[in-house]
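Analysis of the macromolecular model
Next come the chains, spelled out residue by residue.
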Amino acid sequence: MGVKNSCFKVAVETHIKDKVKLQAFEEGVTMSEFIRQRIREKPKLDKIELMLERLLKRKY
């Protein structure tokens, strides 16, 4: 794991925080780790979606 040298703060509604907290608990990780995992996954999903769009454009 890389060096943790930045702090990122976001204000969210309580019901969203509670939902994230529950999902983190179900996965057996802290909220912070859960959010870090999701942040790392998102760019991968964006890249896959972009590749699919390019493939579809070539096909049609």
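These notes cover the structure that comes with them. None of the values given here were measured: they were computed from a predicted structure.

Taken together, Phe8, Val10, Val12 and Ile16 make up a surface patch of nonpolar side chains, about 430 Å² in accessible area. Here Val12 lies in the segment before helix H1 (14–27). In this structure Val12 comes out as partly exposed when scored by relative accessible area, which is 48%.

With that settled, consider the pattern of salt bridges. What the rule picks out here adds up to four salt bridges. Its salt-bridge partner being Lys17, residue Asp18 comes within 3.5 Å of it at the nearest N-O pair. Exposure remark for Asp18: the relative accessible area of 38% places this residue in the partly exposed category. One salt bridge connects Glu27 with Arg38, and the closest N-O pair in it is separated by 2.9 Å. Placement of the pair is Glu27 in helix H1 and Arg38 in helix H2 (residues 31–59), with a sequence separation of 11 residues. Taken together, the shared-partner salt bridges in this structure form one network comprising Glu33, Arg36 and Arg40.

This paragraph deals with the environment of Arg58. One can find Arg58 in helix H2. Using a relative accessible area of 71% as the deciding quantity, one classes Arg58 as exposed.

What counts, and at which threshold
- Residues numbered from 1 in each chain as written.
- Predicted model: local features only at pLDDT ≥ 70, side-chain atom pairs only at ≥ 80, totals over all residues.
- Heavy atoms only, no water.
- Patch = residues over 30% accessible without salt bridge, like charges linked within 9 Å, V, L, I, M, F, W, Y side chains within 5 Å.
- Areas by Shrake-Rupley, 256 points an atom, 1.4 Å probe, with all protein chains shown as cover.
- Salt bridge = Lys/Arg side-chain N within 4 Å of Asp/Glu carboxyl O.
- Helix = DSSP H or I, 4+ residues; strand = E, 2+ residues; numbered from the N terminus.
- Buried < 20%, exposed > 50% of the residue type's maximum accessible area, 1.4 Å probe, protein only.

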